Structure formats: structure tokens, C-alpha cells
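Spelled out from the first residue to the last, the chains are:
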Amino acid sequence: MIKDAPFIDDWTDGDYQTLISCLKNTAVTGGLVHAAFVDGALKGFVSVEAGLFGGEHRYLDLSSIHVSEELRGSGIGSALFNAARTWARANGAKKLYISAHSAVETQAFYRGLGCVDAAVCDKRHIEAEPFDCQLEYEL
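Just so it is clear, the model here is predicted, and its values are computed rather than measured.

So, how was this worked out
- Residues numbered from 1 in each chain as written.
- Predicted model: local features only at pLDDT ≥ 70, side-chain atom pairs only at ≥ 80, totals over all residues.
- Heavy atoms only, no water.
- Phe/Tyr/Trp six-rings, centres within 6.5 Å; stacked < 30°, edge-to-face > 60°.
- Buried < 20%, exposed > 50% of the residue type's maximum accessible area, 1.4 Å probe, protein only.
- Helix = DSSP H or I, 4+ residues; strand = E, 2+ residues; numbered from the N terminus.
- Lys NZ or Arg CZ within 6 Å of the ring centre and 35° of its normal.
- Salt bridge = Lys/Arg side-chain N within 4 Å of Asp/Glu carboxyl O.
- Patch = residues over 30% accessible without salt bridge, like charges linked within 9 Å, V, L, I, M, F, W, Y side chains within 5 Å.
- Areas by Shrake-Rupley, 256 points an atom, 1.4 Å probe, with all protein chains shown as cover.
- Pairing = 2+ DSSP bridges.
- Contact = heavy atoms within 4.5 Å.
- Axes fitted to C-alpha atoms, helices over the stretch in contact; angles between N-to-C directions.

**Q** Help me out: how do you make sense of the packing of aromatic side chains in this one?
**A** Both the distance between ring centres and the angle between the ring planes are used here to describe each pair of aromatic rings. Tallied over the entire structure, the rule returns 6 aromatic pairs. Pairing F53 with Y59 gives two aromatic rings, centres 5.6 Å apart and planes at 35°, and the pair type is tilted. The class for Y59 is buried, based on a relative accessible area of 1%. With a centroid separation of 5.1 Å and 90° between ring planes, the pair formed by F81 and Y137 is classed as edge-to-face. Here F81 is found in helix α2 (residues 76-90), whereas its partner Y137 is found in strand β6 (residues 133-138), with 56 residues between them in sequence. Of note, R124 hangs over the ring of F53, and the distance from its end group to the ring centre comes to 5.3 Å.

Structure below.
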């Protein structure tokens, strides 16, 4: 069901500091942090956490992907996703796990890449973001 619930991307300095801390932790613990720059400015990033989960599904968690609003639809998001899936496959995953924002545009992005509903939903993700859609991408 689609409901009109506008999402405002209104990040505080504290929100940015938390994100930076999380991305640093991902890199230090052996995960992937991959960035996209345009004219020397950061315009997108993707992160994948180290550590397989989900038993036989062998998931790795695509913990974040973001592209600056003015460049959405330019192919940067797809390129970042491709970097994530290449890294995940090389690190033993069978699937990427994605706890995706429920926005129509976000869902269209992931579904357009071939993501489907997750075969096994991760309780930690559901508890943290109960309105997210739990997806997976087979590698």
C-alpha cells in the first residue's frame, strides 16, 4: 500500500557524526566502504558489513547506500551497488541483505536492480527499522 508520507532529509551535525563513526567502524572491522566523487566532492557511498549471517543463505549486510539528491538517476547508485555486490561475492556471500527504506523511489531502485523480498528476515533490522522492507539480492 502506498501512503503519502513525505520524507524530509534533514540531517543534523550529530547525525552526520554518527554516520561517519558507523562508516569508520565498518572499514576497521573488515567491511566495505566505497565512495563516489564528482569534481572532488563526495556524492555517494555504499557500505557492506563484514560477517556472514542467515545460515545457508550466507548474507552480508548492505548497511548503507546513498547518492546526493541532485545526482539520483545518474547511474551512481547502480555503480555503488555493483561495487558492493562484487565485494560481497569475493568475501563469501551468496546474497546481499538490504533493510531498505519503504519510500516508493527507494523500492523502485532496489527492485530495478533485481532485489526481491528476503527469504529470511533479520530480527535486528526489523526491530531497528520496523517500516523498512527486508530485501535480498542473489549474488
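**Q** Could you clarify how one ought to interpret the pattern of salt bridges in this entry?
**A** Side chains bearing opposite charge may pair, as long as their charged atoms lie close to each other. A full pass over the atoms with the stated rule returns 5 salt bridges. Ionic pairing is found between K43 and E70, a salt bridge with its closest N-O pair at 2.6 Å. Taken together, the residues span a long stretch of sequence, with K43 in strand β2 (residues 41-48) and E70 in the loop between β3 (59-67) and α2 at a distance of 27 residues. Judged by its relative accessible area of 53%, E70 is exposed. A salt bridge links R124 to D122, with the nearest nitrogen and oxygen atoms 3.1 Å apart. The class of D122 is buried, set by a relative accessible area of 12%.

**Q** I would appreciate a short explanation of unusual backbone geometry in the present structure.
**A** Excluding glycine, most residues fall at negative phi; most peptide bonds, likewise, are trans. At D39, a residue that is not glycine, the phi angle is positive and equals roughly 50°. Here D39 lies in the loop between β1 (32-38) and β2. Since its relative accessible area comes to 81%, D39 is described here as exposed. For R58, which is not glycine, the phi dihedral falls at a positive 50°. Inspection of the secondary structure assignment puts R58 in the loop between β2 and β3.

**Q** What am I meant to see in a nonpolar patch on the surface here?
**A** A grouping of W11, Y16 and I20 is seen on the molecular surface, where their side chains present a nonpolar patch of about 290 Å² in accessible area. Mapped onto the secondary structure, I20 falls in helix α1 (residues 13-28). What makes I20 partly exposed here is its relative accessible area of 38%.

**Q** How should I be thinking about the sheet that holds strand β4 (residues 95-100) in this particular structure?
**A** Two pairing modes exist for strands in a sheet, parallel and antiparallel, and in both the strands are linked by backbone hydrogen bonds. Across the sheet, which stays open at both edges, the 6 strands sit in the order β1-β2-β3-β4-β6-β5 with mixed pairing between neighbours. Lying at the two open borders of the sheet, with one neighbouring strand each, are β1 and β5 (116-117). Sheet strands touched by α1: β1, β2 and β3. Its angle to β2, the strand with the most contacts, is close to 55°. This element, α2, spans β1, β2, β3, β4 and β6 of the sheet and lies at about 160° to β3.

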